[in-house]
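Here is how the chains run, residue by residue.
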Amino acid sequence: MRTTKLVQTSLMRRFPAAALVTAVALSGVALAGGGAAAAHAGGPGAAAPGTISTVAGGIGGPDQGTQVAVVSECGVSAGTSSVFVAGGPVRQISARTGRMTPLTSYGTGGPFSGGGLAAGTPVDACGVAVDHSGNLVIADNRYHRIQVIARRTGRFYRRAMTAGHLYTVAGNGTMGSSGDGGPASKAEFWLPSSVAVDAAGNLVIADEGTSEIRVVAARTGTFYGQPMTAGDVYAIDKDGGAGVAMDPAGNVLIAQGSTRINVVAGSTGTFYGQPMTAGGQYTIAGSGTSGFAGDGGPATAAELNDPEGVAVDPAGNVLIADFLNYRVRVIAARTGTFYGQPMTAGDIYTIAGTGHAGSAGDGGLATAARLDLPWDVTTDPAGNLLIATQGTRSVRVVAAGTGTFYGQPMTAGDIYTIAGNGRAESGIGGLATSAMLGRPAGVTADAAGDMMITDGVRVRLVAASTGTLFGQAVTAGHIYAVAGNGVAGFSGDGGPATAASIDPPQDTAADAAGNLLIADAGNNRIRVAAASTGTFYGQAMTAGDIYTIAGNGTAGSAGDGGLATAAELNDPAGVTVDGSGNVVIADTRNNRIQVVAGSSGTFYGQAMTAGHMYTVASNSTPSLAYLLGPTDVRVDAAGNLVFLSGHFIRVIAESAGTFYGRPWKAGQLRAVAGEDTHRVNKSGVPANQDRLIGADALAIDPTGNLVITDRFTNQVDVVADSTATFYGLPMTAGDIYIITTRGRNHSGVWGDGGPSTKAGISQPDGVAVDAAGNLLIADTFNGRVREIAG
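Keep in mind it's a predicted model, so treat the numbers as computed, not measured.

S.K.: Please explain the overall build of the chain as it appears in this structure.
M.R.: Within the chain, the secondary structure is distributed over 0 helices and 74 strands. Its C-alpha atoms give the chain a radius of gyration of 29 Å, within 12% of the compact-globule value 28 Å for 790 residues. Taken over the C-alpha atoms alone, the chain extends approximately 90 × 50 × 45 Å along its principal axes. For the chain, the proportion of contacts with a sequence separation of at least 24, taken over those separated by at least 6, is 48%. Accessible surface computed for the chain: about 26000 Å², of which carbon and sulfur atoms make up 51%.

Rendered as structure tokens:
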């Protein structure tokens with residue numbers, strides 16, 4: 001699917017300032033949490049020009065776990081009264097209520113700063129564990145570190161820590177494998193994916209990037225057959241796997257490669273029916289063949305298929321997240337009945353999952369339910385089995401007994417979801433800065449300052465003030481659905497927009513009446529969600545309902561000059577409204593710019609009838625031969641048509657004049673940016689000497705500058721229309737400037753509160769501009785909308 005564009009409209013009123021401070025509990029002890037959730041910081045001058053902030057989108061919660069979207073849960077650990085899950089950010093689920101609270105922020109790049117409040121610090125975690133002091137230990141694979149959130153103020157891991165703050169205890173932030181035998185703080189890690197704490201307090205780490213199992217010694221002594229010095233790091237296995245766990249005897253269990261569960265013996269003795277020597281490695285499950293076989297027989301003869309997680313339950317049984325077999329399996333520690341099944345010591349059994357991917361089965365027997373890519377597994381203090389599933393973005397529980405757990409009544413042996421709503425987004429009705437967005441790819445603002453965000457196959461609304469919008473009651477700074485039911489397709493015209501199917505929205509715009517125009521590209525239509533009840537575009541409309549105003553659903557080019565609703569469109573990717581109320585469309589596959597007349601009159605040199613559709617530019621005109629595949633379109637203050645076409649921004653001048661630092665003749669078409677295909681990603685050079693690699697969306701700010709998002713280079717560019725200072729940078733008319741951190745390798749969701757030139761964004765798919773010149777950026781891959789003060 002081609003990425004969605006977004007559109008700029010004028011006269012945006014700022015949201016009032018808001019802040020959100022949360023307190024979270026770690027193993028029953030409160031952690032001070034914080035994180036400004038400023039929703040559109042209020043008033044002109046509230047931020048210095050060029051300052052970047054997040055105005056919509058977060059990591060979700062606090063809310064009931066089943067109402068929160070989780071993206072890629074790959075680690076789960078239980079404390080005394082909470083479950084901790086990792087998959088990007090680290091979150092906490094109350095064992096009593098099931099309420100989920102974020103403990104950290106989420107980041108995909110940028111400078112790391114440790115020692116601050118965990119709630120404001122970005123991590124990208126996959127593994128979590130609770131140590132003997134109740135601190136939370138995190139395998140942060142993006143930042144190549146092992147980090148700790150302190151449960152209380154004190155001295156841990158040979159350093160002073162403050163309750164609720166996050167600290168690095170191993171890893172220097174550089175991707176690599178060096179440092180064995182030296183200080184853990186100076187060592188390199190590649191992709192630490194799992195972490196466990198042994199009986200001596202040592203940290204045992206699985207580095208999936210190097211396939212090593214490494215130990216950070218808590219004190220000086222001999223562990224796993226090696227002499228170790230406190231604070232130093234050592235490899236105990238050079239052919240490890242993704243997951244590690246400790247058993248009660250002090251052995252390290254490893255989900256090894258794709259076919260085995262191995263043990264590194266912590267001491268010399270007999271374990272799992274085998275004589276073992278301290279530091280030696282032994283197989284306790286898996287024959288070495290990838291597949292599924294062997295249930296009910298010896299675990300060492302069974303087939304596994306990419307086991308990712310391993311744990312030991314209170315009875316000493318070994319639990320396995322058998323990833324590609326879509327099952328959780330168990331190796332019985334002794335002969336008896338476990339998980340409702342009679343078991344023989346050393347044999348292997350399935351205790352959850354049918355072997356088919358899916359999410360079905362909640363409320364029924366775990367062995368009859370479907371699991372989708374179970375990555376990690378553990379048990380809580382009540383003996384319930386916890387499963388982190390990547391495929392369905394959820395945390396599920398197999399109840400050990402009948403009772404109420406995580407706020408839900410449960411029956412022994414049955415399975416339940418306690419986190420994850422099955423979607424990529426959550427938070428409807430709550431604060432926009434706390435809501436989780438899926439892939440926001442477009443944003444626009446109406447005259448009242450309400451912000452609309454295209455997100456997958458829905459459009460969402462962030463209200464600027466409390467009242468009624470699109471037929472629903474809204475609260476300032478909160479987020480709501482305004483169009484789309486979440487199912488791709490075409491349906492719903494004449495009824496509630498939130499019950500309609502769209503497929504997918506490629507662009508949005510707001511007209512002077514506040515109605516939302518949607519470029520429903522997959523359906524070859526332009527649709528409108530009515531903001532109020534009245535007659536618009538020649539149709540009687542009801543507030544909150546959706547209507548087609550252009551396109552009959554057939555991909556084609558017929559119908560020019562006739563009723564817009566009877567005409568054909570072919571992948572309309574961009575839509576805007578000009579100063580006369582006409583709807584202007586980038587009809588991508590027809591290589592046209594088309595107009596639906598808002599009233600009868602002469603526009604773009606043509607006589608037009610209200611409600612009819614006309615082509616005003618196409619590549620069939622010799623002088624416009626380079627109008628190929630327009631993907632976004634705007635009309636500037638001078639009435640010029642400005643559009644994206646491939647790697648270029650082109651302008652068709654309405655009249656003679658000087659625009660974007662260059663003279664134009666009436667009707668002249670040429671590029672204002674992207675003409676030189678040899679120069680790439682430059683700042684402060686003439687725009688026509690630069691090349692736009694992944695230009696995706698276009699806006700025009702109130703001073704006439706062109707603003708472009710480039711998803712390939714993860715940056716936002718500005719082509720200055722006049723010589724002055726914009727967004728905190730001095731600019732020369734006609735030149736192009738990069739106003740975020742440049743380059744593909746500098747993406748991320750970092751830098752809020754500082755200058756945008758030092759901030760990271762990731763795959764920005766669109767931009768809008770308010771009347772004060774502030775930019776709204778759809779930071780798509782980071783699931784946010786961010787603002788750059790003008």
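S.K.: Hey, could you run me through unusual backbone geometry in this one?
M.R.: With the exception of glycine, most residues fall at negative phi, and the peptide bonds are largely trans. A cis amide bond links glycine 61 to the next residue, proline 62, at an omega of 5°. Mapping proline 62 onto the fold places it in the loop between β3 (52-56) and β4 (63-64). Unlike most non-glycine residues, aspartate 306 shows phi in positive territory, near 60°. Topologically, aspartate 306 is positioned in the loop between β28 (281-285) and β29 (307-312). Of the residues examined, aspartate 306 reaches a relative accessible area of 17% and is grouped as buried. One non-glycine residue, asparagine 714, lies in positive phi territory at about 55°. Residue placement: asparagine 714 occurs in the loop between β67 (706-710) and β68 (715-719). On the accessibility criterion, asparagine 714 (6% relative accessible area) is buried.

S.K.: So what exactly am I meant to see when it comes to the pattern of salt bridges here?
M.R.: A side chain with one charge can pair with a side chain of the opposite charge if their charged atoms come near. Applying the stated criterion to the full structure yields 20 salt bridges. A salt bridge links lysine 238 to glutamate 212; its shortest N-O distance comes to 2.8 Å. Note that lysine 238 is positioned in the loop between β22 (233-237) and β23 (241-246) and glutamate 212 in strand β19 (residues 212-216), a separation of 26 residues in sequence. We classify lysine 238 as exposed; its relative accessible area is 56%. Between aspartate 507 and arginine 634 there is a salt bridge, with the nearest N and O atoms lying 4.0 Å from each other. One end of the pair, aspartate 507, is in strand β47 (residues 505-510); the other, arginine 634, is in strand β59 (residues 630-635), with 127 residues separating them in the sequence. Pair check on accessibility: aspartate 507 and arginine 634 agree, each one buried.

S.K.: Teacher, can you tell me more about the packing of aromatic side chains here?
M.R.: Think of a pair of aromatic rings as described by two things: how far the centres are apart, and how the planes are tilted against each other in angle. Per the counting criterion, the structure on display carries 1 aromatic pair. Here the aromatic rings of phenylalanine 323 and tryptophan 375 are separated by 5.3 Å at their centres, their planes lie at 90°, and the arrangement is edge-to-face. Of this pair, phenylalanine 323 sits in the loop between β30 (318-322) and β31 (327-331) while tryptophan 375 sits in strand β35 (residues 374-379), and the two are 52 residues apart along the sequence. We note that phenylalanine 323, like tryptophan 375, is buried. Positioned over the ring face of phenylalanine 292 is arginine 327, at 3.6 Å from the centre of the ring.

Cut-offs applied
Residues numbered from 1 in each chain as written. Predicted model: local features only at pLDDT ≥ 70, side-chain atom pairs only at ≥ 80, totals over all residues. Heavy atoms only, no water. Helix = DSSP H or I, 4+ residues; strand = E, 2+ residues; numbered from the N terminus. Rg over C-alpha atoms; globule rule 2.2 N^0.38 Å. Contact = heavy atoms within 4.5 Å. Areas by Shrake-Rupley, 256 points an atom, 1.4 Å probe, with all protein chains shown as cover. Buried < 20%, exposed > 50% of the residue type's maximum accessible area, 1.4 Å probe, protein only. Salt bridge = Lys/Arg side-chain N within 4 Å of Asp/Glu carboxyl O. Phe/Tyr/Trp six-rings, centres within 6.5 Å; stacked < 30°, edge-to-face > 60°. Lys NZ or Arg CZ within 6 Å of the ring centre and 35° of its normal.

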